[in-house]
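Report on the structure
One-letter residues, chain by chain:
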Amino acid sequence: MSQTSSTRIAFIGGGNMASAIIGGLIARGLPAAQITVVEPFEAARTALKAKFGIDALPAASDALAGVDLVVWAVKPQTFKDAAAPVATYTANALHLSVAAGITTDSIALWLGTGRIVRAMPNTPALVGKGMTGLFARAEVNAEGKALIERVIGTTGQFVWVDAEDKLDAVTALSGSGPAYVFLFLEAMTQAGVDMGLSAEQAYQLAVATFQGASELAARSEEPASVLRERVTSKGGTTYAALTHMQANQVPEHFIAAMRKAETRAKELAAEFGK
């Protein structure tokens, strides 16, 4: 964060995602003294102070005046109520929201500014391996986008989308995606146990397989379909497994499940963005 060494950042909400970003910022060199967190729960404030040495407040105050960036890491249902007291002090700040489902139109209405970037991160951000989708309103300039990239970059990778409704697809794909991987890990582990392996052996094999296959895909210039075909010899073991999945429409059901997640993301925006 050398380019952002003088930046003052406030976090509204001090949960897991805020902690992931804070940890990344401090690891990249942002002084703890330039980070402020508003967190109503005393236990969470105490933990943040102990872990990062940052200033954690129970409510918005003039300590927020003059901050360059406000990161909204609150639950969707609490965003609107949290916005009013913060907006009093942050009219000139850039705002970054990681609250699922809340549109920038709603946020702009509540905060009285259009300098807003909306993000859809995922939980691997907690270990620096996150994937975040980003959308910026027209009021955010190149300098603002660059600041957001430096902040989100501390948690992993990111992609910009050119239309806000595409964040619903990001939510369905990468936002909810870790849960899909964990579901497959559970199933693969159980299958391994059923076939005689210990739970520890099966889980280690499953996790390493996902890690290795993902890394291979990331490094390859070939699409996943080609990589899959290379592992699949007709009449072999992989062929037997994939043929069973395809006969039972596993890919189709998986795609349909992701569309359900996309639909729910749209519903959340309608529900909490009023």
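Residues numbered from 1 in each chain as written. Predicted model: local features only at pLDDT ≥ 70, side-chain atom pairs only at ≥ 80, totals over all residues. Heavy atoms only, no water.

1. Some words on the overall build of the protein
Here is the rule we go by: Segments assigned H or I by DSSP are reported as helices when at least four residues long, segments assigned E as strands when at least two residues long, and all are numbered from the N terminus. Three exposure classes are used, based on accessible area relative to the maximum for each residue type with a 1.4 Å probe and protein chains only: buried under 20%, partly exposed in between, and exposed over 50%. By definition in these notes, contact holds between two residues if any of their heavy atoms fall within 4.5 Å. Here the open area of atoms and residues is found with the Shrake-Rupley method and a 1.4 Å probe, where only the protein chains shown may cover a residue.
Each helix and strand in the protein was counted, giving eleven helices and eight strands. If you line up the protein on its principal axes, its C-alpha atoms span 70 × 35 × 35 Å. Here the protein holds 274 residues, and 39% of them are scored as buried. A separation threshold of at least 6 residues defines the contact pool for the protein, and within that pool the share at least 24 residues apart is 62%. When the accessible area of the protein is evaluated, it comes to approximately 14900 Å², of which 57% is carbon and sulfur surface.

2. Section: the domain arrangement of the protein
Counted only if it meets this: Residue ranges assigned to the domains are those given by an automatic or database domain assignment. By definition, the buried area sums, over both parts, the 1.4 Å-probe accessible area that each loses when the two are put together. We define a salt bridge as a side-chain nitrogen of Lys or Arg found within 4 Å of a carboxyl oxygen belonging to Asp or Glu. N or O atoms closer than or at 3.5 Å make up a polar contact, with two conditions inside protein: a donor-capable atom paired with an acceptor-capable one, and, for residues adjacent in sequence, both atoms drawn from side chains. By the convention adopted, Pro, Cys, Tyr, Trp, Phe, Met, Ile, Leu, Val and Ala count as nonpolar, Lys, Arg, Asp and Glu as charged, and the other residues, Gly among them, as polar.
On domain assignment, one finds that the protein holds domain 1 (9–162) and domain 2 (176–269). On the domain 2 side, the residues contacting the five residues of domain 1 number four residues. Interface area lost by domain 1 to domain 2 is led by Gly101, Asn122 and Thr123, which between them contribute 59%. Between domain 1 and domain 2 we count zero salt bridges in total. Taken together, the links from domain 1 to domain 2 amount to zero residue pairs in polar contact (both at pLDDT 80 or more). Within the side of domain 1 that touches domain 2, the residues separate by chemical class into one nonpolar, four polar and no charged.

3. Quick look at the sheet that holds strand β7 (residues 130–136)
Spelled out, the test is: Any two strands with at least two DSSP-identified bridges between them are counted as paired. Here an angle of 0 to 180 degrees is reported between the N-to-C directions of two axes, which are lines fitted to C-alpha atoms, with helices fitted over the stretch in contact.
The strand order β3-β2-β1-β4-β5-β6-β7-β8 describes an open sheet built from eight strands, whose pairing is mixed. Edge strands, defined here as strands with exactly one partner in the open sheet, are β3 (55–57) and β8 (156–160). Within this sheet the neighbouring strands show an average axis-to-axis angle of 20°, counted without direction. Pairing between strand β1 (residues 9–12) and strand β4 (residues 69–72): four bridges, direction parallel. When the bridges of β4 are listed, isoleucine 12 appears paired with tryptophan 72. Against the sheet, helix α3 (residues 79–87) contacts β1, β4 and β5 (94–97), and its axis sits at roughly 160° relative to β4.

4. Examining the pattern of salt bridges
Under the counting rule described, the total for this entry stands at ten salt bridges. Salt-bridge contacts for glutamate 215 lead to arginine 219; the nearest nitrogen and oxygen are separated by 2.7 Å. Within this pair, glutamate 215 and its partner arginine 219 are both found in helix α8 (residues 199–219), separated by four residues, close to a single helical turn. Taking the relative accessible area as the measure of exposure, glutamate 215 reaches 39% and is therefore partly exposed. The salt bridge partner of arginine 264 is glutamate 271, with a shortest N-O separation of 3.5 Å. For glutamate 271, a relative accessible area of 42% gives the class partly exposed. Several salt bridges share partner residues, and in doing so they unite Asp105, Arg137 and Glu139 into one network.

5. A word on the layout of surface pockets
Cut-off, in case you're wondering: Grid spacing is 1 Å over the protein atoms alone, the probe is 1.4 Å, and a cavity is where that probe fits but cannot get out, while a pocket is an open set with protein on both sides within 12 Å along at least five of seven lines and lining residues have an atom within 4 Å of a point. Grid points are joined across faces, edges and corners, and a volume is the space filled by probe spheres set on the points.
There is about 920 Å³ of room inside the second largest pocket. Here the element with the most residues in the lining of the second largest pocket is helix α11 (residues 250–272); it accounts for four residues. In terms of residue class, the lining of the second largest pocket is made up of 23 nonpolar, twelve polar and three charged.

6. Observations regarding the UniProt feature "domain: Pyrroline-5-carboxylate reductase dimerisation" (unreviewed entry) in the protein
Heads up, the condition is: UniProt positions are given in the numbering used here, feature names are shortened, and annotations may be inferred rather than shown by experiment.
UniProt annotation of "domain: Pyrroline-5-carboxylate reductase dimerisation" (unreviewed entry) refers to residues 164–268 when read in the numbering used here. Regarding residues 164–268, the helix share stands at 83% and the strand share at 0%, and the terminal C-alpha atoms are separated by 14 Å.

7. Re unusual backbone geometry
Here the phi dihedral of glutamine 249 falls at roughly 55°; this positive angle occurs in a residue that is not glycine. Within the secondary structure layout, glutamine 249 lies in the loop between α10 (237–247) and α11.

8. Section: the environment of glutamate 262
Mapped onto the elements, glutamate 262 comes out in helix α11. Between the C-alpha atom of glutamate 262 and that of aspartate 165, which follows or precedes it by 97 residues, the distance is 9.8 Å. Glutamate 262 has contacts with Asp168, Ala169 and Ala172, leaving out every residue within four places of it along the chain.

9. Digging into the environment of proline 223
Tracing the backbone through its elements, the reader meets proline 223 in the loop between α8 and α9 (224–231). Exposure remark for proline 223: the relative accessible area of 45% places this residue in the partly exposed category. In this structure the C-alpha to C-alpha distance between proline 223 and threonine 132, which are 91 residues apart in sequence, comes to 21 Å.

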